[in-house]
Amino acid sequence: YQADRAKALAPELAETWYVRADIARQAGQKADALSDFSRAIELEPGHMPARLGRAALLMDEIKLDEAARDLAAVREAQPDDLQAMHLQALLFAMQGRQAEADEVLGKARARLKELPDRVINGNLPSLMLSALLALKDGQPETAIEHLQRY
């Protein structure tokens, strides 16, 4: 198991714990993933991928206040991060704050329009967000095009 080997070789690196967490998340081992994302953040509080991963898991577990803290940290450090915008909108919707969710999605839509297609096509979260926004806008054909590139 390569992730355990990496942990043994470089336990002080946040990236080691982030990779372990991502592997655990993909394997459906949510508790292990949450623990490893948290360890990555302890080692490097500015590790934004770990914060996004942990926020998504916390949202799955309906621990919305904790997820909000991670998303606030990411949005403060990287206000144009599309994945963070997407998660923030989902969080607001889960909290019943639809107007705020729509506002964040509007900002995400504007940000996506600024990006060249080659950037969007090379970024899976951007393609997914583009598809979701197209569906929201009543453009299923456009959504399908984005999902096919996903």
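Structural data are supplied above this passage.
Below: a short report on this structure. Every value quoted in this text rests on a predicted model; they were computed, and no experiment measured them.

Overview of the nonpolar core
- Formed by 14 residues in total, the largest nonpolar core has its most connected members in Leu82, Leu112 and Leu129.
- Looking at this core, the element that brings in the most residues is helix α7 (residues 98–114), giving five residues.
- In contact with Leu129, other than residues within four places in its own chain, are Leu82, His86, Leu105, Ala108 and Leu112.
- Ranked by size, the runner-up nonpolar core spans 12 residues in total, among them Leu58, Met59, Ala67 and Leu71.

Quick look at unusual backbone geometry
- In this structure, Ile62 takes a positive phi of about 60 degrees despite not being glycine.
- As for its placement among the helices and strands, Ile62 is situated in the loop between α4 (48–60) and α5 (64–77).

Things to note about the side chain of Asp70
- Residue position: Asp70 is located in helix α5.
- In terms of polar contacts, Asp70 uses its side chain to reach the side chain of Arg54, at 2.6 Å.
- The contact partners of Asp70, leaving out residues within four places of it in the chain, are Ile41, Arg51, Arg54, Ala55 and Leu58.

Here we look at helix α6 (residues 82–94)
- An ideal rise of 1.5 Å per residue puts 18 Å on 13 residues; α6 measures up with 18 Å between its terminal C-alpha atoms.
- As for α6, its buried residues are in contact with α4, α5, α7 and α9 (124–136).
- One side-chain oxygen at the N-terminal end of α6 lies 3.0 Å from the backbone nitrogen of Gln83; it belongs to Asp81.
- A positive phi of about 80 degrees marks Gly96, the residue just after α6.

Quick word on the layout of surface pockets
- What the largest pocket holds in volume is close to 590 Å³.
- Looking at the largest pocket, it is lined by 24 residues, and the ones nearest its centre are Arg25, Ala56, Gln83, Leu87 and Pro125.
- Among the elements of the structure, α2 (14–26), α3 (30–43), α4, α6 and α9 are those that each provide at least two residues to the lining of the largest pocket.
- Here the lining of the largest pocket takes seven residues from α4, the largest share from any one element.
- Within the lining of the largest pocket, the residues separate by chemical class into 15 nonpolar, four polar and five charged.
- Approximately 250 Å³ is the volume found for the second largest pocket.

Rules behind the numbers
Residues numbered from 1 in each chain as written. Predicted model: local features only at pLDDT ≥ 70, side-chain atom pairs only at ≥ 80, totals over all residues. Heavy atoms only, no water. Core = buried A, V, L, I, M, F, W, Y, C linked by side-chain atoms within 4.5 Å. Buried < 20%, exposed > 50% of the residue type's maximum accessible area, 1.4 Å probe, protein only. Helix = DSSP H or I, 4+ residues; strand = E, 2+ residues; numbered from the N terminus. Contact = heavy atoms within 4.5 Å. Polar contact = N/O pair within 3.5 Å; in protein donor to acceptor, adjacent residues only side chain to side chain. Expected span 1.5 Å × (residues − 1). 1 Å grid on protein atoms, 1.4 Å probe; cavity = no way out; pocket = protein on both sides within 12 Å on 5 of 7 lines; lining within 4 Å. Points joined across faces, edges and corners; volume = space filled by probe spheres on them. Nonpolar A, V, L, I, M, F, W, Y, C, P; charged D, E, K, R; others polar.

Scope: geometric values only; no functional claims are made or implied.
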